[in-house]
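Spelled out, the chains give:
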Amino acid sequence: KTMVKVTVCIGSSCHIKGARQVVEEFQRLIAENNLKGEVDLGGTFCVGRCNEDGVSVLVDDEYYAVKPEEATDFFNEIVVRLIG
């Protein structure tokens, strides 16, 4: 099992696109699936991708743009898969 680092941009542009909802959904999924020891969830300010269509999310330094309504699927497909 590896620790997956998930960093969500909470800069103003991403905040407007729903960063808080994305963070809250990730927190809920981490708690629900008992992944506290597997997922290191953090926030960061602007990652310089404000023009992307979605909230900037880095998973182990790989960039994704995630809309709030996609957060659950994203977490299950990308993050959980990396945990193994």
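Predicted model, so just to flag it, every value in this text is computed and none were measured. (Residues numbered from 1 in each chain as written. Predicted model: local features only at pLDDT ≥ 70, side-chain atom pairs only at ≥ 80, totals over all residues. Heavy atoms only, no water.)

Spatially, four strands are ordered S2-S1-S3-S4 in an open sheet, and the strand pairing comes out mixed. The open sheet is flanked by strand S2 (39–44) and strand S4 (62–66), the only strands paired with a single partner. Ignoring which end each strand starts from, the neighbouring axes of this sheet average 25° apart. The pairing of strand S1 (residues 4–9) with S2 spans six bridges and is parallel. Bridge assignment links Val8 to a residue of S2, and that residue is Gly43. Against the sheet, helix H2 (residues 19–32) makes contact with S1, S2, strand S3 (55–59) and S4, and its axis sits at roughly 155° relative to S1, the strand it touches most. (Pairing = 2+ DSSP bridges. Helix = DSSP H or I, 4+ residues; strand = E, 2+ residues; numbered from the N terminus. Axes fitted to C-alpha atoms, helices over the stretch in contact; angles between N-to-C directions. Contact = heavy atoms within 4.5 Å.)

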